[in-house]
Amino acid sequence: MPITLNTISLKAIYFDFKAITKAGLAVSVVFSSIAGFLLGVTDLASLSGVVLLKLIIGGYCMVGASNAFNQVIEKDLDALMDRTKNRPIPSGRMESNIALIIAVVLTVLGIVLLYTINPKSAMFGAVSIFLYTSVYTPLKTVTSLSVFVGAFPGAIPFMLGWVAATNNFGIEAGTLFLIQFFWQFPHFWAIGWFLYEDYEKAGFFMLPTGKKDKGTAMQVILYTIWLIIASLLPVLGYTGQLYITPIAAVIVLLLGLWMLFYAIRLYQLRTAKAARTLMLVSVSYITLLQLVYIFDKFLR
């Protein structure tokens, strides 16, 4: 059927763009970058709104590009899974070539915007796209180590914000990276657990033992403990300009224990419901932790 103004719905285009870039995920990732940026600036008076806007738009472009490339690569596998079969490409609403063009345009725009902030930001953004699309995505059908590889690009945004604000990659940015790196494991293993059957249809290996068993649940607990330890490092005074007060550290610890409780519950129950709950708690945890860090910086 020929394309006319009557067959084109701007609303449909908008929703398909949101779907191909995974807008919900992209916004949460951009929030991590904003948090890192706020932690990196000296004070609110020195904050550059223009730079922050470039970070927000550039960050969304980078995440959106990664997701679009991912959906082009996995279009046939997405068609096999209930959670992804209605995405724009497998549902037939968008041609792969169109999605590829969107991905390329977003990549170029994102790198250019981040480069105008500083070259380091552009480099980390480019590395994130490369690792996500060229290493993590193809490994998902090969080995559960894909989650380990995927944790690297997943941990970059929090760190990227600091680099954008300071033009420096040091112990501070490394600590922010470490926090979000360890967070990736319980978060994505929880997703891999309650979506196990759906992932199995596409041949994705997401759980460390390959099964919904005590071994996987125990690793979720262990990585949650590592996450708690990493999150408390700034209170020790050895992470440069990144510092949190003892009061903030207590709050961060309580948040960590809250998440650890649900990690232990997964070990005890080993149900999809327990895994879904842990996933939701993990999202709340990382958001609240970042807010605690920010408020502690500006209210101390």
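Everything numeric here is computed off the predicted structure, so don't read it as measured data.

### Details of the overall build of the chain
Here is step 1 of the chain: Looking only at helices and strands, the chain has twelve helices and zero strands in total.
Here is step 2 of the chain: When its helices and strands are written in sequence order, the chain yields α-α-α-α-α-α-α-α-α-α-α-α.
Here is step 3 of the chain: Here the C-alpha radius of gyration of the chain, 20 Å, is about what a compact globule of 300 residues would show, namely 19 Å.
Here is step 4 of the chain: In terms of its C-alpha atoms, the chain occupies a principal-axis envelope of roughly 65 × 50 × 30 Å.
Here is step 5 of the chain: Burial status across the chain gives 48% buried among its 300 residues.
Here is step 6 of the chain: Of the roughly 14,100 Å² of accessible surface on the chain, 70% is carried by carbon and sulfur atoms.
Here is step 7 of the chain: Here the chain contributes 21 positive and 13 negative side-chain charges, whose respective centroids are spaced 4 Å apart.

### Digging into the side chain of Ser66
Here is step 1 of the chain: Relative to the helices and strands, Ser66 is located in helix α3 (residues 49-73).
Here is step 2 of the chain: With near-sequence residues (within four places) excluded, Ser66 lies in contact with Ile129, Tyr132 and Thr133.

### Here's the deal with the environment of Phe188
Here is step 1 of the chain: Here Phe188 lies in helix α8 (residues 171-194).
Here is step 2 of the chain: Given the relative accessible area of 28%, Phe188 is considered partly exposed.
Here is step 3 of the chain: For Phe188 and Asp76, which are 112 residues apart along the polypeptide, the C-alpha to C-alpha distance reads 22 Å.

### A look at a nonpolar patch on the surface
Here is step 1 of the chain: On the surface, a nonpolar cluster with roughly 440 Å² of combined accessible area is contributed by Met218, Leu222, Ile225, Trp226 and Ile229.
Here is step 2 of the chain: Looking at the secondary structure, you find Met218 in helix α10 (residues 214-232).

### A closer look at the nonpolar core
One broad trend across soluble globular proteins is that nonpolar side chains are buried collectively.
Here is step 1 of the chain: Ranked by internal contacts, the top residues of the largest apolar core, which has 86 residues, are Leu39, Leu55, Tyr285 and Tyr293.
Here is step 2 of the chain: Those residues within four positions of Tyr285 in sequence are excluded, and the remaining contacts are Trp183, Leu227, Ser231, Val252, Leu255, Gly256, Trp258 and Met259.
Here is step 3 of the chain: Among the nonpolar cores identified, the runner-up in size contains six residues, and Ala23, Ala26, Val29 and Tyr60 belong to it.

### Quick word on the pattern of salt bridges
Here is step 1 of the chain: Summed over all chains, the structure comprises eight salt bridges.
Here is step 2 of the chain: The partner of Glu197 in a salt bridge is Lys212, with the nearest N and O atoms 2.8 Å apart. On the criterion of sequence distance, the pair formed by Glu197 in helix α9 (residues 196-202) and Lys212 in the loop between α9 and α10 is long-range, its members being 15 residues apart.
Here is step 3 of the chain: Since its relative accessible area comes to 42%, Glu197 is described here as partly exposed.
Here is step 4 of the chain: Under the relative-accessibility criterion, Lys212 is labelled partly exposed at 32%.
Here is step 5 of the chain: One connected set of salt bridges, linked through shared partners, spans Asp82, Lys85, Asp198 and Lys201.

Conventions and cut-offs
Residues numbered from 1 in each chain as written. Predicted model: local features only at pLDDT ≥ 70, side-chain atom pairs only at ≥ 80, totals over all residues. Heavy atoms only, no water. Helix = DSSP H or I, 4+ residues; strand = E, 2+ residues; numbered from the N terminus. Rg over C-alpha atoms; globule rule 2.2 N^0.38 Å. Buried < 20%, exposed > 50% of the residue type's maximum accessible area, 1.4 Å probe, protein only. Areas by Shrake-Rupley, 256 points an atom, 1.4 Å probe, with all protein chains shown as cover. Lys, Arg positive; Asp, Glu negative; His and termini not counted. Charge placed at Lys NZ, Arg CZ, Asp CG, Glu CD. Contact = heavy atoms within 4.5 Å. Patch = residues over 30% accessible without salt bridge, like charges linked within 9 Å, V, L, I, M, F, W, Y side chains within 5 Å. Salt bridge = Lys/Arg side-chain N within 4 Å of Asp/Glu carboxyl O. Core = buried A, V, L, I, M, F, W, Y, C linked by side-chain atoms within 4.5 Å.

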